[in-house]
Each structure stands twice: as C-alpha cells, then as structure tokens.
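Observations on the three-dimensional arrangement
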Amino acid sequence: MIRLSVTARIALLSIALALVSNLALVGFVWKTTSADAIDAIRRETTEQSEALRAVWRSGGLIAVRQAIDSAVVPGDVSLVLAVIDPKGRAVVGISPARLAVPLRVTQFRIARLGSDELWSARETGYALHPLGDYWLLTGRNLDLIAAEERAIERALAVAVFLSLALGVIGGLVLTRYVSRRLDGIAKAIEAAGEGDLSRRVDMIAGGGDAFDRLAARLNVMLGKLEGVMAELRIVTDSLAHDLRSPLARLRTKTEQAVLIADPDAREAALGGLLVETDLVMRMLTMVIEISRSGSVSRDRFIEVSPANLLEEIGELYAPVAEDAGLVFTIAVDDRPPPMKLHRELISQAITNLIDNALRHGAGGGEVTLRIVHRTDGVAIQVEDRGPGIAAADRAQALKRFGRLDSARSTPGAGLGMALIEAVARLHDGHFELADNAPGLIARIVLPL
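Residues numbered from 1 in each chain as written. Predicted model: local features only at pLDDT ≥ 70, side-chain atom pairs only at ≥ 80, totals over all residues. Heavy atoms only, no water.

As annotated in an unreviewed UniProt entry, the chain is histidine kinase from Sphingomonas albertensis. The UniProt entry for the chain carries the following comment under Subcellular location (unreviewed entry): "Membrane". Under the heading Catalytic activity (unreviewed entry), UniProt records this for the chain: "ATP + protein L-histidine = ADP + protein N-phospho-L-histidine." (UniProt positions renumbered as here; feature names shortened; annotations may be inferred.)

Here's what the structure looks like:
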C-alpha cells in the first residue's frame, strides 16, 4: 500500500476540492438552465392553450384555424401548434401527421409526439385540450434546450480540465507554503533535540494563521524549556560547588570523631557532624521543593483568604520574634477577597520571608508582616530595619545558590529566595525586593 506524504495529500485534497466545486457549479447552472427553460415552455403552452380555447368558444373551428395560421412565424422550427381530429391526424398547424401519444386531456407533458424519423428523435413539451370533436395541440420542441444542455456539457468538460489544471497549480503552491512552514517547525524541533534550545520558529508578521499560532506556542515552550535547562545547569553546577565544602567538612569531622578517644569530646564532634548533615539535607530538600513548585497542578489550588493566612502565620512567629528581642507587627492595611492559592506553598514562602528577616534583619530591632491590596493585585511583604540589600546585589540574591558576601558567614544554601520566587511564579505573580530606608522589603505580588 502506497503511503502519501502530508504535503501530497494536501495537494490532492486541493485538486479534489477545485474539481468538485467546479463540477458542482456547472451542474447547478446546467440544472437551473434546463428547469427554467422547461418552465418557460410550460407557461407559454398553457397561455396558448387558454387563448386558442377562448377563440374556439367565440368563433369556432374556423377562428381557431385563422389564429393558428397567424401564430406561425416563418423560421420558428420549435413551435408545435395544431388541431387534431379524433383519429390523431393533424387538421391544421404544425405537428406530426399522426400523433403517437394518446388523445386525452394533458396539462403539460414531455414526450415524443410522432413515430416518423423526424418527430421520433425529438422531445416535445405539449398540452392537449378538447375542442368539440377535435383536439387542440400546443407546445414546443426541446431542441433548443438540448442544444443548450450540450453546450453546458462541453463547458463542463472544459471546466473539469481547468479544475484539474488549477487544482494542480493551487496544490503545488499550497504544498510549497505548507512545506516551508513545516520545515521551519521541524528544524526548530530538530535543533532542540540536538541540544540547541535557542532556535525559534520564524513567524510571518501580521499572519495570525494556524501555523503562526503553532509557532508562537512552540516558541513559548522552547523558551520555557531553555530556561529550565539553564536553571538545571545552574543548579547542578551550584549544587556541586556548594556541597563540596559541607561534605569536605563532614568528612574531616568524621575522621576526627573516629580518632577521638575521650567520650565527651567524641560526643561534641558527633554533634558537629549532625549540624553539617542537617545543612546538606536542607540544601537537598530546598532544591526538591523548588523543582516541585514548578510542576504543581492547579487542581491543588483552593480558596484562601490572604489576610487570614497572614494573621495565622504571624501569630506563630510572634513569640519567636519576641524571644529574639524584636518588635514583630502584623499589619493588614486592607482585606482583599479570597483567592485561589496553593496554601502550603504560599505559607512556606511567607515563612521563608520571615525567617530571612529574623536572620538577617534582626539588628534593626523591628520586623513587620504586611498585606496590601493594590491595583495590580495583593502584595504580601515582610519589612525589616536591618542592613538591607543594595540594589546592585538584589538580582544575585534571587538566584539559586546566590549568596551575598555578607551572608557567607551564616548557615544556609542561598535557596530560600529562589523558592519564594518559584512559588510567586506558580501563582502568575512575581517576587521583588525593595528598599525600606533602612532595611529591606521582600514582597510577593499575586494577581487577583
């Protein structure tokens, strides 16, 4: 079985559509023309019959003969108009010498009126009505209609040829266009399969057809895939780099603990091992959470009141802040309406914000957890009065494993803000850092 390519099938489809459309058009014209011509003959036949019957009623057969003689036009070979005797023979007018159709009242019918060579080859639309002992025959031969039909049939043959020719030309043009667009898509996909995710599908300016919509979606997908792969490389490189130090310390402390004979000193060394192990576990857990946050289904989103959620989290952290000697404030400037949120991930992002403020901004003595109902959405922000982050360093702080020099001395992996940003992006929002003069404002903006 021969399998045709997609472009070949498209070309054949265009040829078939052109052929069918032209055949349908010519067939419609043929049928309409024939029907209109027969209707015209029917009306003329009916009118002639009524007029001549009226003449017979007023003047008899002699008046009918005179009317028929005056109605015959020289050169009109299609007219059928005669008076027929009871035996079917023509008395006067134009008709076969003897009718081959039965003598009975006929309003309109198409048949062959005679059996001789001339009339047996013709179809005639006729009507028969009685005139006393005689019959009135009126009608028209369908020779002109047959000639028109033959002309239309010849036009139909020409149309078939033109349809095939135009269909082939249209099919080739369409196939070339489709092949060019599909080749662009195929090349971008092949490049992606070979590792080049920077390749994009070209789009026609102002096109807006199905290929452009497909290209736009494919470009968006390739852009996201390129970003994911770039982040994966960063995560892999950074994870390998940042795990080297804690693992080296873990190995060193393990060797030291093995060689220590004093039980108390060994217990202290084992405590250090636990600290290093917990740091490594936190790093790996945070990487997993960031990865999961990018693939969470929208089915897990529920209606949540952002203000109520903020107050719940704030009440949990208030004692922790007070123990650290900080003034912890929960500020609800406005209560926005409930929103569709992933409650667990949003809660974790807010707690990460508070943890960062308690860890790095404790020197300011004040931390505020605030929710603001803005025109562009709802802003959940944590404000501190610590040293803050310079504007030039904020992009670095948002990167995975991104740690500023001032934070190198504190435990951590530099993944907290990356998780917050991933959660904000999951909710179609964004995460931003701003100056609190002094201090830092870390803000999650969620669209309504």
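Now that the structure has been shown, the text picks up again.
1. A short note on the overall build of the chain
Within the chain, the secondary structure is distributed over 9 helices and 12 strands. When burial is assessed residue by residue, the chain has 39% of its 448 residues classed as buried. (Helix = DSSP H or I, 4+ residues; strand = E, 2+ residues; numbered from the N terminus. Buried < 20%, exposed > 50% of the residue type's maximum accessible area, 1.4 Å probe, protein only.)

2. Focus on the pattern of salt bridges
Going through the model one piece at a time under the given rule, you end up with 9 salt bridges. Here Arg-335 makes a salt bridge to Glu-311, at a shortest N to O gap of 3.1 Å. Of the two residues, Arg-335 is situated in the loop between β7 (327-332) and β8 (339-341) and Glu-311 in helix α6 (residues 306-323); the sequence distance between them amounts to 24 residues. (Salt bridge = Lys/Arg side-chain N within 4 Å of Asp/Glu carboxyl O.)

3. A few points about the sheet that holds strand β2 (residues 90-94)
Overall, antiparallel pairing links the 5 strands, which are arranged β2-β1-β5-β4-β3 in an open sheet. A strand with exactly one partner marks an edge of an open sheet, and here the two such strands are β2 and β3 (106-111). Sheet twist, expressed as the mean angle between neighbouring strand axes with direction ignored, is 20 degrees. Bridge analysis of strand β4 (residues 124-131) against strand β5 (residues 134-141) gives 8 bridges, and the strand direction is antiparallel. Within the sheet, the bridge partner assigned to Gly-125 lies in β5 and is Arg-140. (Pairing = 2+ DSSP bridges. Axes fitted to C-alpha atoms, helices over the stretch in contact; angles between N-to-C directions.)

4. What about the pairing of β5?
For β5, the tally of buried residues reaches 7 of 8 residues, placing the bulk of the element in the interior. In this sheet, β5 lies alongside strand β1 (residues 79-84) in antiparallel orientation, the contact comprising 6 bridges. What sits directly across from Val-80, in β5, is Gly-139.

5. Quick notes on the nonpolar core
With 39 residues, the main nonpolar core has Phe-328, Ile-350, Ile-354, Phe-431 and Ile-444 as its most contacted residues. For this core, the secondary structure elements donating two or more residues are α6, β8, α7 (343-360), β9 (366-374), β10 (377-384), α9 (416-426), β11 (430-435) and β12 (440-446). Ranked by residues supplied to this core, first place goes to α7 with 8 residues. Contacts of Ile-354, omitting those with residues within four sequence positions, involve Ile-313, Tyr-317, Phe-328, Leu-369 and Val-382. (Core = buried A, V, L, I, M, F, W, Y, C linked by side-chain atoms within 4.5 Å. Contact = heavy atoms within 4.5 Å.)

6. Some words on the confidence of the model for the chain
For the chain, per-residue confidence averages 78 on the pLDDT scale, and 81% of positions sit at 70 or higher. Within the model, the stretch residues 401-413 combines pLDDT values under 50 with 30 contacts to residues more than four positions away or in other chains. (pLDDT = per-residue confidence, 0-100.)

7. Looking at the packing of α6 against α7
Close contact between α6 and α7 brings their axes to 11 Å; oriented N to C, the two are set at 30 degrees. For α6 against α7, the interelement crossing comes out right-handed. Of the residues in α7, those in contact with Leu-309, Leu-310, Glu-312, Ile-313, Tyr-317, Val-320 and Ala-321 of α6 are Arg-343, Ile-346, Ser-347, Ile-350, Thr-351, Ile-354, Asp-355 and Leu-358. Classifying every residue of the contact of α6 with α7 by side-chain character gives 10 nonpolar, 2 polar and 3 charged. (Left-handed = near helix turned anticlockwise from the far one by under 90°. Nonpolar A, V, L, I, M, F, W, Y, C, P; charged D, E, K, R; others polar.)

8. Some words on the UniProt feature "transmembrane region" (unreviewed entry) in the chain
Per the UniProt record, the feature "transmembrane region" (unreviewed entry) sits at residues 155-174. The distance separating the terminal C-alpha atoms of residues 155-174 is 27 Å; by composition the span is 100% helix and 0% strand.

9. Here's the deal with a negative patch on the surface
Negative charge collects at one region of the surface, where Asp-183, Glu-190, Glu-194 and Asp-196 lie side by side. Asp-183 sits in the partly exposed class, given a relative accessible area of 44%. (Patch = residues over 30% accessible without salt bridge, like charges linked within 9 Å, V, L, I, M, F, W, Y side chains within 5 Å. Areas by Shrake-Rupley, 256 points an atom, 1.4 Å probe, with all protein chains shown as cover. Lys, Arg positive; Asp, Glu negative; His and termini not counted. Charge placed at Lys NZ, Arg CZ, Asp CG, Glu CD.)

10. Quick look at unusual backbone geometry
Note the cis peptide between Ala-437 and Pro-438, where omega equals -5 degrees. Within the secondary structure layout, Pro-438 lies in the loop between β11 and β12. Of note in the backbone geometry, Asp-428 takes a positive phi value of approximately 60 degrees without being a glycine. Its location among the elements puts Asp-428 in the loop between α9 and β11.

11. With respect to α6
Compared with the 26 Å implied by 1.5 Å per residue over 18 residues, the 26 Å span of α6 between its first and last C-alpha is a close match. Bending of α6 peaks at approximately 35 degrees at the position of Tyr-317, with proline Pro-319 no more than four residues after it. By the burial criterion, the buried members of α6 are Pro-306, Ala-307, Leu-309, Leu-310, Ile-313, Gly-314, Tyr-317, Ala-318 and Ala-321. Looking one or two places after α6, you find Gly-325, whose phi comes out positive at around 80 degrees. (Expected span 1.5 Å × (residues − 1). Bend = angle between axes of the 7 residues up to and from the residue.)

12. What to know about α7
In this model α7 runs 26 Å from its N-terminal to its C-terminal C-alpha over 18 residues, within 8% of the 26 Å that 1.5 Å per residue would give. For α7, the set of buried residues is Leu-345, Ile-346, Ser-347, Ala-349, Ile-350, Thr-351, Asn-352, Leu-353, Ile-354, Asn-356, Ala-357 and Leu-358.

13. Considerations on the sheet that holds β9
Pairing within the open sheet is mixed, and its 5 strands lie in the order β7-β9-β10-β12-β11. For this open sheet the edge positions go to β7 and β11, each flanked by a neighbour on one side alone. For this sheet, the mean inter-axis angle between neighbouring strands, taken without regard to orientation, is 15 degrees. Taken together, the 6 bridges between β10 and β12 define a ladder with antiparallel strand orientation. Considered in β12, the bridge of Ile-380 is made with Ile-444. Relative to β7, α6 is tilted by about 175 degrees, and along the sheet it contacts β7, β9 and β10.

14. What to know about the environment of Leu-81
Tracing the backbone through its elements, the reader meets Leu-81 in strand β1. Remark: the alpha-carbon pair of Leu-81 and Ala-127, spanning 46 residues in sequence, is separated by 9.8 Å.

15. Topic: the side chain of Thr-138
Tracing the backbone shows Thr-138 in strand β5. Overall, Thr-138 belongs to the buried group, its relative accessible area being 0%. At a separation of 3.5 Å, a polar atom in the side chain of Thr-138 contacts the main-chain carbonyl oxygen of Thr-45. Dropping the residues within four chain positions of it, Thr-138 is found in contact with Thr-45, Gln-48, Ser-49, Leu-52, Val-80, Leu-81, Gly-125, Tyr-126 and Ala-127. (Polar contact = N/O pair within 3.5 Å; in protein donor to acceptor, adjacent residues only side chain to side chain.)

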